[in-house]
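The primary structure of each chain is shown beneath.
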Amino acid sequence: MNTEFFCVEAARGIVRFISDGNIRNGEYEGNEYILKKLDYFNFLIFKEYIDPGALCPERIDITVFKRDELLDMMQPHLDRMEKKKT
């Protein structure tokens, strides 16, 4: 998911989507990855490849994360980006 952290605002949006309890489920579509919120605690991350000849997108390499694991992984990236910005 490092490709999704191209700017501080995008990184904040991803962390906000993960941590916001008012967003019960949904998808955050990045440049290369999709973060799917199943409920407040469970997430899927997958790269989406679209074959122009296919009727529907093919999803490969789906990874399951708990909310706290995901935040623990992403928060340091955001902190580093914010530190560089100042």
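The coordinates are above.
Let me begin by describing the structure that accompanies this report.

How each quantity is defined
- Residues numbered from 1 in each chain as written.
- Predicted model: local features only at pLDDT ≥ 70, side-chain atom pairs only at ≥ 80, totals over all residues.
- Heavy atoms only, no water.
- Helix = DSSP H or I, 4+ residues; strand = E, 2+ residues; numbered from the N terminus.
- Expected span 1.5 Å × (residues − 1).
- Bend = angle between axes of the 7 residues up to and from the residue.
- Buried < 20%, exposed > 50% of the residue type's maximum accessible area, 1.4 Å probe, protein only.
- Phe/Tyr/Trp six-rings, centres within 6.5 Å; stacked < 30°, edge-to-face > 60°.
- Lys NZ or Arg CZ within 6 Å of the ring centre and 35° of its normal.

1. Let's talk about helix α2 (residues 67-85)
Inference 1: Between its terminal C-alpha atoms α2 stretches 26 Å, which fits the 27 Å expected from 19 residues at 1.5 Å a residue.
Inference 2: Most pronounced at Met-74, the bend in α2 amounts to some 25 degrees, and the proline Pro-76 follows within four residues.
Inference 3: Restricting attention to buried positions, one finds in α2 the residues Arg-67, Leu-70, Leu-71, Met-74, Leu-78 and Met-81.

2. Looking at the packing of aromatic side chains
Between two aromatic rings, the relevant description is the distance of the centres plus the angle of the planes.
Inference 1: Inspection of the entire model under this criterion finds two aromatic pairs.
Inference 2: Pairing Phe-17 with Tyr-28 gives two aromatic rings, centres 5.8 Å apart and planes at 45 degrees, and the pair type is tilted. Of this pair, Phe-17 sits in helix α1 (residues 8-19) while Tyr-28 sits in strand β1 (residues 26-29), placing them 11 residues apart in sequence.
Inference 3: Relative to Phe-41, the ring of Tyr-40 lies with its centre 4.9 Å away and its plane at 80 degrees, an arrangement referred to as edge-to-face.
Inference 4: The ring of Phe-17 has Lys-37 sitting right over it, with the charged end atom 5.4 Å from the ring centre.

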